[in-house]
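So you can see what is in the structure, the chains are spelled out below.
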Amino acid sequence: MFKDDRSAEKQTSWWPIYVALRDAIVSHRLAPGTKLPEDELASIYDVSRTVVRSALQALTHDRLAQLQPNRGTFIASPTKQEAREVFEARLLIEPKVASIAAEVAKKSDISRLRKHMQAEHEAVGSGDASDAIAASAQFHIEIAEIANHTALTNFVRELVSSSSLVVALYWKKRETTCESHAHEALVEAIADGDGARAAALMKSHLKDVLSGLDVGLAAAKQERLADILRVR
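Residues numbered from 1 in each chain as written. Predicted model: local features only at pLDDT ≥ 70, side-chain atom pairs only at ≥ 80, totals over all residues. Heavy atoms only, no water.

## Topic: the pattern of salt bridges
One pass over the structure, following the stated rule, counts 12 salt bridges. Here Arg-49 ties to Glu-38 by a salt bridge, and the two come within 3.4 Å at their closest N and O atoms. Here Arg-49, found in helix H4 (residues 49–61), pairs with Glu-38, found in helix H3 (residues 38–45); they are 11 residues apart in sequence, far enough to count as distant. A residue is classified by how much of its surface remains accessible, and Arg-49, at 46% relative accessible area, is partly exposed. When the shortest N-O distance is used, the salt bridge between Glu-38 and Arg-53 registers 2.9 Å. (Salt bridge = Lys/Arg side-chain N within 4 Å of Asp/Glu carboxyl O. Helix = DSSP H or I, 4+ residues; strand = E, 2+ residues; numbered from the N terminus. Buried < 20%, exposed > 50% of the residue type's maximum accessible area, 1.4 Å probe, protein only.)

## Some remarks on the packing of helix H2 (residues 15–26) against H4
It is at 9 Å that the axes of H2 and H4 come closest, and there the two elements cross at 45°. Of the possible angle classes, the one that applies to H2 and H4 is oblique. For the pair H2 and H4, the crossing hand works out as right-handed. Residue-level inspection shows Ile-17, Tyr-18, Leu-21, Arg-22 and Ile-25 of H2 in contact with H4, the latter providing Val-51, Ala-55, Leu-56, Ala-58 and Leu-59. Its residues assigned to classes, the contact of H2 with H4 comprises 9 nonpolar, no polar and 1 charged. (Axes fitted to C-alpha atoms, helices over the stretch in contact; angles between N-to-C directions. Parallel < 35°, antiparallel > 145°, perpendicular 65-115°, else oblique. Left-handed = near helix turned anticlockwise from the far one by under 90°. Contact = heavy atoms within 4.5 Å. Nonpolar A, V, L, I, M, F, W, Y, C, P; charged D, E, K, R; others polar.)

Structure follows, in structure tokens:
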């Protein structure tokens, strides 16, 4: 599923728990708002609650979970405003990342992207929406890693994870996240070393995904005070 280069953390006892929960969140097997009880998770993974607590803290740090005082840890549920902000940030960062990737990509990088595209096609063809969404998200991280810019890669990884929560909550057009033609065009632009085209395609692609999400500002219905307080 998602790749991560936090080598020091990978050596900890809580890392496998974190990865399992993160992947379940990103693939929508765990829905936003789901409670993550320490005792139940400790039983599932046969580890101590201390290990589970560290994994949950890592999820909270990545904004995939929220700690609610006296209630426990829950999978994050971003608001519509937060959802828009995530994609606004992606629109600022990812076109630049795609441009850099096109400028520095090696033949092995292009082969890597094409291999990923094959896996993405298989996920879509299988009809498993969870796998397709996770594969689509990973594609963006692959491009960031090819760009070989640590700060931007970390930003993209965090934003893509947050986007998975946004899609789970506000998804209204299935085809915007599962169609792969946009990814194929990006791979070709990167293979051609055309940074400007890669940036433009990435921007267009992210706008298309955003258009498939119900994150518009709905006009609040104003009721008269007399109607609200009317004695029945």
